[in-house]
Amino acid sequence: MIKFTDEKMQEQFDREGYVVLPLLASMQVEQLIRFYHDREKAVDDKGETFYSISDVNKDEQLIQEIDTKLKAALVPEINRFLNLYEPMMSTFFSETCYGKYYHWA
């Protein structure tokens, strides 16, 4: 069961089924996007495929590195808002739509 530290967020989640959390500053997002593109380029330079969903890549070490980096950035921020949760895994997901790159973590 998800439990929010803020009563109003908990009420919204119970009522609406979601809450938008202000987790990362734009500088932190830019750093993670740079990290993503650096890993993507390194895989491409080896002649391998970097999948748009990072946890399906063939390199287990790369998957672990991405998971560790994302958790290091996100878990402390999530802890400000949530109790009683366990982060299981983290992954990048990117997509190009109408010539624009979109990233999710």
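Cut-offs used in this document
Residues numbered from 1 in each chain as written. Predicted model: local features only at pLDDT ≥ 70, side-chain atom pairs only at ≥ 80, totals over all residues. Heavy atoms only, no water. Axes fitted to C-alpha atoms, helices over the stretch in contact; angles between N-to-C directions. Helix = DSSP H or I, 4+ residues; strand = E, 2+ residues; numbered from the N terminus. Parallel < 35°, antiparallel > 145°, perpendicular 65-115°, else oblique. Contact = heavy atoms within 4.5 Å. Nonpolar A, V, L, I, M, F, W, Y, C, P; charged D, E, K, R; others polar. pLDDT = per-residue confidence, 0-100. Phe/Tyr/Trp six-rings, centres within 6.5 Å; stacked < 30°, edge-to-face > 60°. Buried < 20%, exposed > 50% of the residue type's maximum accessible area, 1.4 Å probe, protein only. Lys NZ or Arg CZ within 6 Å of the ring centre and 35° of its normal. Core = buried A, V, L, I, M, F, W, Y, C linked by side-chain atoms within 4.5 Å. Polar contact = N/O pair within 3.5 Å; in protein donor to acceptor, adjacent residues only side chain to side chain. Salt bridge = Lys/Arg side-chain N within 4 Å of Asp/Glu carboxyl O.

Draft legend 1. Focus on the packing of helix α2 (residues 26-45) against helix α3 (residues 60-79). In the contact formed by α2 and α3, the axes pass within 12 Å of each other and the chain directions differ by 180 degrees. Put simply, α2 runs roughly antiparallel to α3. Here Gln28, Leu32, Phe35, Arg39 and Val43 of α2 come into contact with α3, specifically with Leu62, Glu65, Ile66, Lys69, Leu70, Ala73 and Glu77. Considered class by class, the residues forming the contact of α2 with α3 number seven nonpolar, one polar and four charged.

Draft legend 2. Local environment of unusual backbone geometry. Although it is not a glycine, Leu84 sits at a positive phi angle of roughly 55 degrees. Mapped onto the fold, Leu84 is located in the loop between β2 (82-83) and β3 (93-97).

Draft legend 3. Representation of the confidence of the model for the protein chain. For the protein chain, per-residue confidence averages 81 on the pLDDT scale, and residues scoring 70 or more make up 77% of the total. Helix α1 (residues 7-16) holds the highest mean pLDDT among the elements of the protein chain, 94, whereas strand β4 (residues 100-104) holds the lowest, 57.

Draft legend 4. Geometry of the packing of aromatic side chains. Going through the model one piece at a time under the given rule, you end up with one aromatic pair. Judged by centre distance (5.4 Å) and plane angle (50 degrees), the ring pair of Phe4 and Phe13 falls under tilted. Judged by relative accessible area, Phe4 falls into the buried class, the value being 7%. Positioned above the aromatic ring of Phe35 is the side chain of Lys69, whose terminal nitrogen or guanidinium carbon lies 5.3 Å from the ring centre.

Draft legend 5. Representation of the side chain of Gln10 within the structure. Here Gln10 shows up in helix α1. Exposure remark for Gln10: the relative accessible area of 10% places this residue in the buried category. Beyond its immediate chain neighbours, meaning those up to four positions away, Gln10 contacts Ile2, Lys3 and Phe4.

Draft legend 6. The arrangement of the nonpolar core in detail. Counting residues in each nonpolar core, the largest one holds 13 residues, and the members touching the most others are Phe4, Met9, Ile66 and Leu70. Contributions of two or more residues to this core are made by α2 and α3. For this core, the element with the highest residue contribution is α3, accounting for five residues.

Draft legend 7. Examining α1 more closely. If you check the start of α1, you find a side-chain oxygen 3.0 Å away from the backbone N of Lys8, and it comes from Asp6. Once α1 finishes, Gly17 follows within two positions and takes phi at roughly 90 degrees, a positive value.

Draft legend 8. A look at the pattern of salt bridges. Evaluation of the coordinates by the stated rule reveals five salt bridges. Between Arg15 and Glu16 there is a salt bridge, and its shortest N-O distance comes to 3.4 Å. Among the ionic pairs, Glu65 bridges to Arg39, the shortest N-O distance being 2.9 Å. With Glu65 in helix α3 and Arg39 in helix α2, the pair connects residues that are 26 residues apart, well separated along the chain.

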